[in-house]
Amino acid sequence: MDFTFTEEQQAAVEAAKAVFSSVTPDSVPSPALTAGAVADDLDRALWRKLAEGDLLGLTLDPRHGGSGLDPLALCLVLRECGRVLARVPLLESSAAALAVQRYGGDELCADVLPRAARGELVLTAASSGRTGHGPAELAVQARRNGEGWVLDGVQTAVPWAHGADRVLIPAHTGEGGTVLALVPRDHEGVTLEEQISTSGERQAEVRLDGVRLADREMLTADGAWEWLRDLLTTGTCALALGLGSAVLDLTSSYVSNREQFGFPLATFQAVAVQTADRYIDLRAMEATLWQAAWRLSLDEERPTVSGALPIGGDVAVAKIWAAEGVRRVVQTAQHLHGGFGAVTDYPLHRYHAWGKQLELSLGSAAAHEEALGELLAAHPLG
């Protein structure tokens, strides 16, 4: 087997590195130094650079102004995004746009996707439900009303909602079905209450009170929400991998230069063993991430690999490793840095805050272990 990334995927990585080279973790606003949100908006200058580098339409078809690449390429770029703690909704906007392309009508695609690829329209997605626990789609009800739909409910912790133009929201129909609604942020009946994430970024509790949408703004195909949730979860794993890799590099540099008793810390066996364990964590995070991203990228029909669990199993395994792995990597880094790791003009505390946010986003390790157990019970392996 050839596990090498394609030339197009590698080119996307190089383009991402070029764009993100202007971002340094020291320049990222610190939640430890700010009483409220670290900023009112996303990094618009960086967003424009991503658009100029053709990275916002990476997975969109060329007819919509995109590059036509797959979720694997997106995850490669997200890994670079996580390395530098880039303050942009690259995952959410890309995932929402790709969902619109896969499941939306021609009119909606023509209206939304070219502008999203150019960076003129910022999208985000709700995935936490009312409390952050339980199925997100049950927090909002969607019912037909004449020629359109009416939505009522609440979605909490919606990332980048204050800076996004439209929010893709899952909702239940009351008949066992789930739909996705592309809701303008300033639509009548929509209110946003500020919430602040662990990383200090503004999130929002989005309340929908009798919000009326036309049919074309709804994605009603079976499996649309499940596919979007899997992509968001896998993308979160890619961000965690990038963050963890940067933290291990930071730690390796520190223990190689910091001396105790006349020797670098890296030469002490206890330090070497801990960093080796974290390296193993990162390799496991990487392997499970690419497995999940590959399953997402197979084709438009999401086929079942012969003898394998449904794709949700691979996504659950990836998120378990990402959540546990990024936590262990950051904790070990703090331990090996000693008190220096808590200094606010050193970037490690920023990585710690972002790492905790990614650990819990789209479900903790325990939540995905439970989901994996249910899949194994329903699909016993032969």
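As the structure is a prediction and not an experimental result, all values here were calculated from the model.

(A) Expanded view of empty space enclosed by the protein. Inspection of every chain in the model, using the stated rule, returns three cavities of 30 Å³ or more. Empty space within the largest cavity amounts to approximately 70 Å³. Lining the largest cavity are A39, D40, D41, L42, R87, W160, A161, H162, G163, E201 and R202. Across the lining of the largest cavity, the residue classes break down as four nonpolar, two polar and five charged.

(B) Up close: the pairing of strand 3 (residues 148–159). Counting buried positions along strand 3 yields 10 of 12 residues, so the element is predominantly enclosed. When strand 2 (residues 140–145) meets strand 3, the two strands line up antiparallel, connected through six bridges. Following the sheet pairing, R143 is matched in strand 3 by V150. If you look at the hairpin formed by strand 2 and strand 3, you'll find two residues sitting between the two strands, and G146 has a positive phi there, around 65°. In terms of strand pairing, strand 3 meets strand 7 (residues 202–214) through nine bridges, oriented antiparallel.

(C) Structural view of the pattern of salt bridges. Tallied over the full model, the rule gives 23 salt bridges. Residue R83 is joined to E80 by a salt bridge in which the shortest nitrogen-to-oxygen separation is 3.4 Å. One end of the pair, R83, and the other, E80, are both in helix 3 (residues 71–83), three residues apart, so they sit about a helical turn from each other. Look at R83 and you get partly exposed, because its relative accessible area is 25%. When the shortest N-O distance is used, the salt bridge between R327 and E324 registers 2.2 Å. Residue R327 and its partner E324 are located together in helix 8 (residues 311–337), separated by three residues, close to a single helical turn. Through salt bridges with shared partners, a single network forms among R278, D281, E324, R327, R328, K356 and E359.

(D) Seen up close, helix 9 (residues 348–360). Taking 1.5 Å per residue, 13 residues should reach 18 Å; helix 9 reaches 19 Å between its end C-alpha atoms and fits that length. The buried fraction of helix 9 amounts to 10 of the 13 residues, a majority that puts the element mostly inside the structure. The complete set of buried residues in helix 9 reads L348, H349, R350, Y351, A353, W354, G355, Q357, L358 and E359. Residues of helix 9 that are buried sit in contact with helix 3, strand 7, helix 6 (224–257) and helix 8. Following helix 9 by one or two positions, L362 has its phi on the positive side, about 60°.

(E) Layout of the packing of aromatic side chains. Going through the model one piece at a time under the given rule, you end up with four aromatic pairs. A ring pair is formed by Y103 and W227, whose centres lie 6.1 Å apart and whose planes are at 70°; its orientation type is edge-to-face. Here Y103, found in helix 4 (residues 90–103), pairs with W227, found in helix 6; they are 124 residues apart in sequence, far enough to count as distant. For the pair formed by Y103 and W227, the shared burial category is buried. On the numbers, 4.6 Å between centres and 50° between planes, the contact of F340 with Y346 is tilted. Taking the relative accessible area as the measure of exposure, F340 reaches 37% and is therefore partly exposed. For Y346, a relative accessible area of 13% gives the class buried. Members of the aromatic cluster, joined through ring pairs, are Y254, F340 and Y346. Looking at R283, its charged tip hangs above the ring of Y279, at a distance of 4.7 Å from the centre.

(F) Local environment of the nonpolar core. Core analysis: the biggest nonpolar cluster contains 94 residues, and F20, L168, L228 and L243 have the highest contact counts within it. When residues of this core are assigned to their parent elements, the largest contribution, 17 residues, is made by helix 6. Membership of the second largest hydrophobic core comes to 20 residues, among which are L151, V158, V190 and A204.

(G) View of the environment of M285. On the secondary structure map, M285 appears in helix 7 (residues 269–297). With a relative accessible area of 3%, M285 lands in the buried category. Sequence-distant contacts of M285, that is, excluding residues within four places in its chain, are made with A240, L241, W321, A322, G325 and V326.

(H) Structural view of unusual backbone geometry. Even without being glycine, L85 reaches a positive phi, approximately 60°. Considering the arrangement of structural elements, one finds L85 in the loop between helix 3 and helix 4. Since its relative accessible area comes to 1%, L85 is described here as buried. Unlike most non-glycine residues, A157 shows phi in positive territory, near 50°. Checked against the element boundaries, A157 lands in strand 3.

The rules we used
Residues numbered from 1 in each chain as written. Predicted model: local features only at pLDDT ≥ 70, side-chain atom pairs only at ≥ 80, totals over all residues. Heavy atoms only, no water. 1 Å grid on protein atoms, 1.4 Å probe; cavity = no way out; pocket = protein on both sides within 12 Å on 5 of 7 lines; lining within 4 Å. Points joined across faces, edges and corners; volume = space filled by probe spheres on them. Nonpolar A, V, L, I, M, F, W, Y, C, P; charged D, E, K, R; others polar. Buried < 20%, exposed > 50% of the residue type's maximum accessible area, 1.4 Å probe, protein only. Helix = DSSP H or I, 4+ residues; strand = E, 2+ residues; numbered from the N terminus. Pairing = 2+ DSSP bridges. Salt bridge = Lys/Arg side-chain N within 4 Å of Asp/Glu carboxyl O. Expected span 1.5 Å × (residues − 1). Contact = heavy atoms within 4.5 Å. Phe/Tyr/Trp six-rings, centres within 6.5 Å; stacked < 30°, edge-to-face > 60°. Lys NZ or Arg CZ within 6 Å of the ring centre and 35° of its normal. Core = buried A, V, L, I, M, F, W, Y, C linked by side-chain atoms within 4.5 Å.

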